[in-house]
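An overview of the molecular structure
Here is what each chain is made of, one letter per residue.
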Amino acid sequence: MNKYIEINVSHDFTDAPGARNPQDGPDSGEVFYNRLLLPKFEEALKTKSILLVDMDGTFGYATSFISESFGSLSMKFGPELVLKNIKIKSDEDDGLKTYIKSTIKNPEKA
Amino acid sequence: MTHNENEVIFSIQAPEECSMIEYPEKAISFFNSAEKAYKQAIQLAREQKKTARIVYDLSRSVIFTETSIVILIAHIKDRNINRGLPSILTFPKDKVCEHKLRKAGIQKKVGASNIDHDDAQVQKISNLQVTNKIAKQIVIDSSIFLYKKDIRIKELYSILIELMANTNNHADSENTAIYPWWLFLFKDEKKEIIKFVFLDLGVGIFESLPVKQFIIKEPLSFLQVKTGSVKRRGEELNKIFSALISGKIKSSTGLPTRGKGLPLIAKIAKSGHFCSFKIISNDAYIDVTNNEVSAMNENFSGTLYYFELKKSIL
């Protein structure tokens, strides 16, 4: 049985995600990546766990937030490793799940 | 233009119908004249060692819509445009039109320092950054206005964040945006809609660096756009806009991970939450909801987004 490490974006980060970089404004994708996504993903790899990212409960997302966070993760570790070790939960917006997966698969086109 | 002993005064006559949505060319021509007048006034004032001011003469106007109100306020408030010169308004003789302007917070004497608005139905925000907290509050306020309860309208939130982020992205990648963005909300209780006007007075979508680079790379037809007829220009703008919303044109940063804002905006515009969605940028008039792009004879230096949020079945 898989072990899970969880990030709940609205609870652990913010319910109002911003844009790409801190220069754009607060709660950006870059801050989310550095503060939560990257360290939790590394922890998941180390402990042979799956990283579950719960995207529900927020007011919504900008494309720049997604591409900066999940795109950066994919660029660092490669799409295959990321997809194998991450699970996205988005019951409120199924399209978002597809979009994140496509961002991970093609980080340069995201 | 008039002179007195100590002052240079430029008066700009507003058209009878001043609306960026219904009569865009008339409205753009008026605002372009105003911008030109600020430049001329400051030059003359320096030469003649006088003070200068601009008079917006709206006396003949019978229609002055939300979109024009926002541009008028941005002109009066933004020192990039008014160069610190004071502006004065002559209110419309038409009482309905006058009331609408006053309701939107436009006073007779307006300096660069402040514009008051006394009506809770109008909200005005201006900033240089992506302000997620403001976007969140707007979504809450909008949902309470339309649905009488707090609903997370994700489509609205995403659009607001994308618009704020796009403002910076339109600038040259080496520089941060010079012009602030302007966001106005007008709540219409009778129609149960909220009208949003988002104004970015940067270079405009079609004059932005990535679009220029795209035009250079594309076949010869794109190079002839400026010399063709309005109809032909409309076709060319349509092609460029299609390329933008399909993600074929990346942002000015040149980074491959960017340039997804407009595709999302165009997608969300058709999500059913909006009963109208228009973009006016440079010489393009875009009805996003109905996929129509046409060329105008006037050039608007910047980008104006106008959309109406309606109550929809959730």
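Residues numbered from 1 in each chain as written. Chains lettered and ligands numbered in written order. Predicted model: local features only at pLDDT ≥ 70, side-chain atom pairs only at ≥ 80, totals over all residues. Heavy atoms only, no water.

**Comments concerning the overall build of chain B**
Within chain B, the regular secondary structure consists of 10 helices and 12 strands. Evaluated residue by residue, chain B yields a buried proportion of 57% over its 314 residues. Residue pairs in contact within chain B that sit at least 24 positions apart in sequence constitute 67% of those at least 6 positions apart. When the accessible surface of chain B is split by element, carbon and sulfur atoms take 50% of a total near 14,000 Å². (Helix = DSSP H or I, 4+ residues; strand = E, 2+ residues; numbered from the N terminus. Buried < 20%, exposed > 50% of the residue type's maximum accessible area, 1.4 Å probe, protein only. Contact = heavy atoms within 4.5 Å. Areas by Shrake-Rupley, 256 points an atom, 1.4 Å probe, with all protein chains shown as cover.)

**A closer look at the interface of chain B and chain A**
Accessible area lost upon the coming together of the parts is a frequently used measure of interface size. Taken residue by residue, the interface counts 23 residues in chain B and 30 residues in chain A. Roughly 2,100 Å² is buried in total at the junction of chain B and chain A, and carbon and sulfur atoms are behind 50% of that figure. There are four salt bridges connecting chain B and chain A. We note a salt bridge from Lys-136 of chain B to Asp-15 of chain A, for which the minimum N-O separation is 3.0 Å. Summed over the shared surface of chain B and chain A, the result is 11 residue pairs in polar contact (both at pLDDT 80 or more). Counting only elements with at least two residues in the side of chain B that touches chain A, the list comes to α5 (132-147), α6 (154-170) and α10 (261-269) of chain B. Residue contributions to the side of chain B that touches chain A peak at seven residues, all from α6 of chain B. (Buried area = accessible area lost by both parts, 1.4 Å probe. Salt bridge = Lys/Arg side-chain N within 4 Å of Asp/Glu carboxyl O. Polar contact = N/O pair within 3.5 Å; in protein donor to acceptor, adjacent residues only side chain to side chain.)

**A look at the packing of helix α2 (residues 29-46) of chain A against helix α3 (residues 63-77) of chain A**
All names here are of chain A. Packing of α2 against α3 leaves a shortest axis separation of 9 Å and a crossing angle of 35°. Of the two possible hands of crossing, α2 and α3 adopt the one that is right-handed. Facing α2, whose interface residues are Gly-29, Glu-30, Phe-32, Tyr-33, Leu-37, Leu-38, Phe-41, Glu-42 and Leu-45, α3 presents Phe-65, Glu-68, Ser-69, Phe-70, Ser-72, Leu-73, Lys-76 and Phe-77. Looking at side-chain class alone, the contact of α2 with α3 contains 10 nonpolar, three polar and four charged residues. (Axes fitted to C-alpha atoms, helices over the stretch in contact; angles between N-to-C directions. Left-handed = near helix turned anticlockwise from the far one by under 90°. Nonpolar A, V, L, I, M, F, W, Y, C, P; charged D, E, K, R; others polar.)

**Digging into the pairing of strand β9 (residues 181-188) of chain B**
All names here are of chain B. Counted residue by residue, β9 has eight buried out of eight residues, so it is predominantly covered. Side chains of β9 alternate between two faces, with Trp-181, Leu-183, Leu-185 and Lys-187 and Trp-182, Phe-184, Phe-186 and Asp-188 buried alike. Across eight bridges, the pairing between β9 and strand β10 (residues 193-200) is antiparallel. Among the inter-strand pairings, Trp-182 is bridged to a residue of β10, identified as Leu-199. (Pairing = 2+ DSSP bridges.)

**Describing the packing of aromatic side chains**
Applying the stated criterion to the full structure yields 17 aromatic pairs over all chains. Seen from their ring centres, Phe-274 of chain B and Phe-277 of chain B are 5.8 Å apart, and the 90° between their planes marks the pair as edge-to-face. Members of the aromatic cluster, each reached through a chain of ring pairs, are Phe-13, Phe-32, Tyr-61, Phe-65 and Phe-70 of chain A. Across the ring face of Phe-91 of chain B, the terminal group of Arg-102 of chain B is positioned such that the distance to the ring centre comes to 4.0 Å. Its end group placed over the ring of Phe-145 of chain B, Lys-148 of chain B keeps NZ or CZ at 5.9 Å from the ring centre. (Phe/Tyr/Trp six-rings, centres within 6.5 Å; stacked < 30°, edge-to-face > 60°. Lys NZ or Arg CZ within 6 Å of the ring centre and 35° of its normal.)

**Things to note about the nonpolar core**
Residues and elements named next belong to chain B. Counting residues in each nonpolar core, the largest one holds 57 residues, and the members touching the most others are Phe-196, Phe-277 and Phe-307. Once you skip the residues sitting within four places of it in the chain, Phe-196 turns out to touch Ile-138, Ser-142, Leu-156, Leu-160, Leu-183, Phe-184, Leu-185, Tyr-305, Tyr-306, Phe-307 and Leu-309. In terms of nonpolar packing, the next biggest core, distinct from the first, is built from 50 residues, Ala-37, Tyr-38, Leu-44 and Cys-97 among them. (Core = buried A, V, L, I, M, F, W, Y, C linked by side-chain atoms within 4.5 Å.)

**Examining α10 of chain B**
With eight of nine residues buried, α10 of chain B is to be regarded as a mostly interior element. Looking only at α10 of chain B, the buried set comprises Gly-261, Leu-262, Pro-263, Leu-264, Ile-265, Ala-266, Ile-268 and Ala-269 of chain B.

**Concerning the environment of Tyr-4 of chain A**
Inspection of the secondary structure puts Tyr-4 of chain A in strand β1 (residues 4-8). For the pair formed by Tyr-4 of chain A and Lys-48 of chain A, sequence separation is 44 residues and the distance between their alpha carbons is 9.0 Å.

**Structural notes on the pattern of salt bridges**
Within this structure, the stated rule accounts for 16 salt bridges over all chains. Here Glu-7 of chain B ties to Arg-53 of chain B by a salt bridge, and the two come within 3.0 Å at their closest N and O atoms. Of this pair, Glu-7 of chain B sits in strand β2 (residues 7-13) while Arg-53 of chain B sits in strand β4 (residues 51-57), placing them 46 residues apart in sequence. For Glu-7 of chain B, a relative accessible area of 15% gives the class buried. By relative accessible area, which is 23% here, Arg-53 of chain B ends up partly exposed. Of the charged contacts in the structure, one is a salt bridge between Glu-98 of chain B and Lys-95 of chain B, with a shortest N-O distance of 3.3 Å. In this pair, Glu-98 of chain B and Lys-95 of chain B are both assigned in helix α4 (residues 95-103), three residues apart and thus about one turn of the helix distant. Sharing partners across several salt bridges, the network here consists of Asp-54, Asp-56, Lys-89 and Asp-91 of chain A.

**Here we look at unusual backbone geometry**
Residues and elements named next belong to chain B. With a phi angle near 55°, Arg-83 is a residue other than glycine that sits in the positive phi range. For Arg-83, the location among the structural elements is in the loop between α3 (79-82) and β6 (87-90). Since its relative accessible area comes to 37%, Arg-83 is described here as partly exposed.

**Section: the confidence of the model for chain B**
Residue and element names in this part refer to chain B. Here chain B shows a mean pLDDT of 84. Residues at 70 or above account for 82%. Of all helices and strands in chain B, the one with the weakest mean pLDDT is strand β7 (residues 109-110) (42), whereas strand β3 (residues 17-18) scores best (98). The model gives residues 108-120 a pLDDT under 50, and that stretch makes 30 contacts with residues more than four places away or in other chains. Under a pLDDT of 50 for its full length, residues 169-173 has, in the predicted model, 14 contacts with residues more than four places off or in other chains. Model confidence for the complex: the whole-complex pTM is 0.89, and ipTM, which rates the interface, is 0.92. (pLDDT = per-residue confidence, 0-100.)

**Side note on the pairing of β10 of chain B**
Residue and element names in this part refer to chain B. Of all eight residues making up β10, eight are buried, and the element is well covered by its neighbours. Going residue by residue along β10, you find Ile-193, Lys-195, Val-197 and Leu-199 tucked away on one face and Ile-194, Phe-196, Phe-198 and Asp-200 tucked away on the opposite face as well. Taking the residues that link successive antiparallel strands as the turn, the β9-β10 hairpin has four residues, and the phi of Glu-192 there is positive, at about 55°. Two strands pair when backbone bridges link them, and β10 and strand β12 (residues 292-310) are joined in this way by eight bridges, in the antiparallel orientation. From the neighbouring strand, Phe-198 faces β12, where its bridge partner is Tyr-305.

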